[in-house]
Amino acid sequence: MAINVMIVEDEPHIRLILRNVIEKNENFKVVYECDNMTDGLLGFNEHKPEVVFMDIEINNSSGIDCAKVISQVASDTKIIFATAH
């Protein structure tokens, strides 16, 4: 069974790179991706991914704040910060 992954990244080309790298391993499946904190929280609640790749800054919001909310709801979710900054 594949590990479900969500990508929260506001740069489309970086999302594509992350998706391609993640899905090279058949044990991982990207179930949702978005470019802002609001959609990230909604997508997390809907898809319940086990792993989240999170940008530090997402469309003038904080990926760290988004990660805090996710970890309060599901403390076993693994959050990986991926950023170019």
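No experiment lies behind these values; they were computed from the predicted model shown. (Residues numbered from 1 in each chain as written. Predicted model: local features only at pLDDT ≥ 70, side-chain atom pairs only at ≥ 80, totals over all residues. Heavy atoms only, no water.)

A.B. asks: Please explain the sheet that holds strand 2 (residues 28-34) as it appears in this structure.
C.D. replies: Within a sheet, neighbouring strands are paired by backbone hydrogen bonds and run either parallel or antiparallel to one another. Taken together, the four strands give an open sheet; going across it, the order is 2-1-3-6, and neighbouring strands pair in parallel fashion. Of all strands in the sheet, those with a lone pairing partner are strand 2 and strand 6 (78-81), marking the two edges. Averaged over all adjacent pairs, the angle separating strand axes in this sheet is 20°, with direction ignored. Alignment of strand 1 (residues 3-8) against strand 2, held across six bridges, turns out to be parallel. Note on strand 2: the bridge partner recorded for Ile 7 is Glu 33. (Pairing = 2+ DSSP bridges. Helix = DSSP H or I, 4+ residues; strand = E, 2+ residues; numbered from the N terminus. Axes fitted to C-alpha atoms, helices over the stretch in contact; angles between N-to-C directions.)

A.B. asks: What is the right way to read unusual backbone geometry from this model?
C.D. replies: Residues apart from glycine generally show negative phi values, whereas peptide bonds are mostly found in trans. Here Lys 48, not a glycine, exhibits a phi torsion of approximately 50°, which is positive. Inspection of the secondary structure assignment puts Lys 48 in the loop between helix 2 (37-47) and strand 3 (51-54). For Asn 60, which is not a glycine, the phi torsion comes out positive at approximately 65°. Position of Asn 60 relative to the elements: it lies in the loop between strand 4 (57-58) and strand 5 (61-62).

A.B. asks: It is not clear to me how the packing of helix 2 against helix 3 (residues 63-73) should be interpreted in this structure. Could you clarify?
C.D. replies: Any two packed helices are characterised by how steeply their axes cross, that is the angle between the axes, and by the distance between the axes. Two elements in contact, helix 2 and helix 3, have axes separated by 10 Å at closest approach and are oriented at 20°. Overall, the two elements helix 2 and helix 3 adopt an arrangement that is roughly parallel. Relative to helix 3, the crossing made by helix 2 is right-handed. Each of Met 37, Leu 41, Phe 44 and Asn 45 in helix 2 lies in contact with helix 3, whose residues at this interface are Asp 65, Cys 66, Val 69, Ile 70 and Val 73. Of the residues contributing to the contact of helix 2 with helix 3, the split by class is seven nonpolar, one polar and one charged. (Parallel < 35°, antiparallel > 145°, perpendicular 65-115°, else oblique. Left-handed = near helix turned anticlockwise from the far one by under 90°. Contact = heavy atoms within 4.5 Å. Nonpolar A, V, L, I, M, F, W, Y, C, P; charged D, E, K, R; others polar.)

A.B. asks: Where do I start with the environment of Ala 84 in this structure?
C.D. replies: When you line up the elements, Ala 84 lands in the segment after strand 6. On the basis of relative accessibility, which here comes to 72%, the residue Ala 84 falls in the exposed class. Distance in space between the C-alpha atoms of Ala 84 and Phe 44 is 23 Å, their sequence separation being 40 residues. (Buried < 20%, exposed > 50% of the residue type's maximum accessible area, 1.4 Å probe, protein only.)

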